[in-house]
Structure formats: structure tokens, C-alpha cells
Amino acid sequence: MKVVDARGELCPKPLIMTKKALAEIDENDSLEILIDNETSMKNVSRFLTDNGMEVKQELKGNVFHLFVGKTGEIPESAPVEEYCEVSFSSNKNLVIAFQKELLGDGAEELGRILMKAFVNTLPEATSQPQSIVFLNSGIFLTLKNSQVLDTLVKLEKSGVEILVCGTCLDYYQKKQELGVGIVSNMYDILEKLTSASSVVYP
Amino acid sequence: MNYTVLTFQATHYVLKAEKILLEKGFKFDIIPTPKDISSDCGMSIRFDPEITRNDSVAETLKLINIDFNIHEVWMK
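First, a word on what this report is: a plain description of the structure on this page.

Rules and cut-offs
Residues numbered from 1 in each chain as written. Chains lettered and ligands numbered in written order. Predicted model: local features only at pLDDT ≥ 70, side-chain atom pairs only at ≥ 80, totals over all residues. Heavy atoms only, no water. Helix = DSSP H or I, 4+ residues; strand = E, 2+ residues; numbered from the N terminus. Contact = heavy atoms within 4.5 Å. Polar contact = N/O pair within 3.5 Å; in protein donor to acceptor, adjacent residues only side chain to side chain. Disulfide = S-S within 2.5 Å. Buried < 20%, exposed > 50% of the residue type's maximum accessible area, 1.4 Å probe, protein only. Pairing = 2+ DSSP bridges. Axes fitted to C-alpha atoms, helices over the stretch in contact; angles between N-to-C directions. Arc of directions from axis to C-beta. Left-handed = near helix turned anticlockwise from the far one by under 90°. Nonpolar A, V, L, I, M, F, W, Y, C, P; charged D, E, K, R; others polar. Salt bridge = Lys/Arg side-chain N within 4 Å of Asp/Glu carboxyl O.

1. Digging into the environment of Ser131 of chain A
Residues and elements named next belong to chain A.
Phase 1 of the analysis: You can see Ser131 is positioned in strand β6 (residues 131–134).
Phase 2 of the analysis: Residues Ser131 and Asn93 lie 38 residues apart in sequence; the distance between their C-alpha atoms is 8.1 Å.
Phase 3 of the analysis: When neighbours within four sequence positions are excluded, Ser131 is seen to be in contact with Leu94, Val95, Ile96, Val160, Glu161 and Lys192.
Phase 4 of the analysis: Side-chain polar atoms of Ser131 contact the side chain of Glu161, separated by 3.0 Å.

2. Describing the state of the cysteines
Two cysteines, two sulfur atoms, one covalent bond between them: this is a disulfide.
All names here are of chain A.
Phase 1 of the analysis: If you walk through the whole model with that rule in mind, you get one disulfide over all chains.
Phase 2 of the analysis: Two residues, Cys165 and Cys168, share a disulfide whose sulfurs are 2.1 Å apart. A torsion of 80 degrees about the S-S bond marks the disulfide between Cys165 and Cys168 as right-handed. Each member of the pair Cys165 and Cys168 is classed as buried.

3. Examining the sheet that holds strand β5 (residues 94–98) of chain A
Residues and elements named next belong to chain A.
Phase 1 of the analysis: Read across the open sheet, the five strands follow the order β8-β7-β6-β5-β9; overall the sheet is parallel. In this open sheet, the two strands that pair with only one neighbour each are β8 (182–184) and β9 (198–200). Geometrically, the sheet is characterised by an average inter-axis angle of 25 degrees between neighbouring strands, direction not taken into account.
Phase 2 of the analysis: Bridge count between β5 and β9: three bridges; the pairing is parallel.

4. Description of helix α2 (residues 54–63) of chain B
Residue and element names in this part refer to chain B.
Phase 1 of the analysis: Three or more residues of α2 are buried, namely Val57, Ala58, Thr60 and Leu61. Mapping the buried residues of α2 onto a view down its axis gives an arc of 160 degrees, with all of them on the same face. Of the exposed residues in α2, the ones pointing more than 90 degrees away from its buried face are Glu59, Lys62 and Leu63.
Phase 2 of the analysis: Contact partners of the buried residues in α2: β1 (2–7), α1 (11–23) and β3 (43–47).
Phase 3 of the analysis: Asn65 sits one or two positions beyond α2 and adopts a positive phi of about 60 degrees.

5. Observations regarding the packing of α1 of chain B against α2 of chain B
Packed helix pairs are characterised by how far apart their axes lie and by the angle those axes make with each other.
Residue and element names in this part refer to chain B.
Phase 1 of the analysis: Interaxial distance between α1 and α2 falls to 10 Å at its minimum, and their mutual angle equals 115 degrees. Regarding α1 and α2, the two cross each other, and that crossing is right-handed. Residues Ala17, Ile20 and Leu21 of α1 form the contact with α2, whose own contacting residues are Val57, Thr60, Leu61 and Leu63.
Phase 2 of the analysis: Grouping the amino acids of the contact of α1 with α2 by side-chain chemistry returns six nonpolar, one polar and no charged.

6. Let's talk about unusual backbone geometry
Phase 1 of the analysis: Cis geometry is found at the peptide bond from Cys11 of chain A to Pro12 of chain A, where omega equals 5 degrees.
Phase 2 of the analysis: Relative to the elements of secondary structure, Pro12 of chain A occurs in the loop between β1 (2–5) and α1 (13–24).
Phase 3 of the analysis: Non-glycine residue Asn28 of chain A carries a positive phi angle of around 75 degrees.
Phase 4 of the analysis: Here Asn28 of chain A is to be found in the loop between α1 and β2 (30–35).
Phase 5 of the analysis: Of note in the backbone geometry, Asn65 of chain B takes a positive phi value of approximately 60 degrees without being a glycine.
Phase 6 of the analysis: Among the secondary structure elements, Asn65 of chain B is positioned in the loop between α2 and β4 (69–74).
Phase 7 of the analysis: By relative accessible area, Asn65 of chain B is classed as exposed at 72%.

7. Notes on the pattern of salt bridges
Residues and elements named next belong to chain A.
Phase 1 of the analysis: Considering all chains together, one arrives at 17 salt bridges over all chains under this definition.
Phase 2 of the analysis: Notably, a salt bridge pairs Arg7 with Asp5, separated by 2.9 Å at the nearest N-O pair.
Phase 3 of the analysis: On the basis of relative accessible area, Arg7 is assigned to the partly exposed category, the value being 25%.
Phase 4 of the analysis: Lys174 is the salt-bridge partner of Glu177, the closest N and O atoms lying 3.8 Å from each other.
Phase 5 of the analysis: Its relative accessible area of 28% is what places Glu177 among the partly exposed residues.
Phase 6 of the analysis: Salt bridges sharing partners connect three or more residues here, namely Lys2, Lys20 and Glu24.

Encoded structure:
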């Protein structure tokens, strides 16, 4: 069975890869497609069923495996782009506001690693935040010596806006050590929080 | 990309391992244990095998007598 590995690919790439692979195999042969996000999986499934194919789906770990038998040719002209649907419309305005450098109340060393694990998992979350705000001791996560700096830089590069409280940087005398994000003030931060469709306080 | 993930038997071992790896200047992340490795609500250590060598991490952790399991995991 031919395997299409579309992990890490964003729409419309998995659709294009699937369409191309289907064109290459013989009728009655089958194809396995690996996809690592639910939106792409749904888009590819819809594309295939709309074109008269039967799709079976399996989730192994974090990876969706789609199995499809080729029952006919998909015309070269079949559109793929219009199957790119962004599914997080309900959460398109998600904001995460870090108010401290520890996650939860309790033992400090535990709060510290829980926070690292939380931040390091954000790039894999199905609903990406539009903005992330850092307040009070939360600003320590954004400094050059922060152990989650690489992850925050990665999020910023992927389009997530990172706002860091300027008053807080000033209070802790850490302005020179900022490693990621934009220095922001209460007006911008309040605007972000009040216009968000939902705010997560870790 | 492919990562090496180290899992431990208790959160306290993760804390001890983190401490010594930081002291020795290793580059790694603390992450929740991936669901396909274990359903426990555990913490793990993740590093990029291209940057950090498995055997030098293993040697360092031997110094403090900590048992761990090594996994190869694909992550975004």
C-alpha cells in the first residue's frame, strides 16, 4: 500500500499530496495518508468522499491514518483549495494571559516545570492563540535566560502576537533582558483581553 | 521533527534530572509525557538528537543514579 506522509503539512498541501498519490496508483489499490492535525484530516476526508471514495480513519497516538481504496479516477480539474477550511472559527480570538511564572498554586519547583510543560505544548495545540500576554512575574518567561524562550520565539514566528507588560519589565528591572515579544502597556493589553472571544489564564 | 524523549518513574526524578542537565549546560525542554508513550499525567525531558547526544545525557544521569526510558518521538 502506498503511503502519503502529510505530517507537519498545512492545507492545501495534504490535499495536493493525496490527489497526486491517488492519480499514481492503480484502480482498486489503496492508499494510506498520515496527517497530524484534525482540520487537515477532515478536509482530506471530505475531499475524498465528495469524489466518491470510501475513507476509513484511525487515530494512532497523535497521528490520523486515513485509508482509502481507489474506486475511480479523480478528474485533474477537481478543486482542492476550496476544501481548506479553518475549523477554529469559534476560537479565532483566543488570548492566553500569563500572570505569573509558575503554573497553579503549590510547590514552587512543581509549578515551575508545569509551566515549562504548558508552554512547550502550546505549539501543538489545535487552537492556536491569536495573542499571548505576559504580566507581573509572568514576564520572566520571556527573558533571554528563560527555558521556554525557544518555544515562544517559535510561536511568534508562526504568527502569534506576544505582548509583554512594560511596567512589569521595569519593576523587575528586566527591560534589557527581554528575549521575545513586544513591550506593551495596559491600554493594549486591556484591548486584547476585552476583545478576545476567550481568555485562558494558565 | 524527530525528538528524543526521556521518561522517568516519578516527577521528583524529572526535577533532579532537570537540575543536573541544566548545570551541565544541556539544551532540552520539559514537556508533558506524550500520550502515545504513556497515559500517565507525567513530565518528560525532550531534546533534539541532532544537537544533544543521547549518550552524553545518559552518562550525566548515571551520575545521580536515575533510571529512565528513551523514546524516539515525532512532534511538530
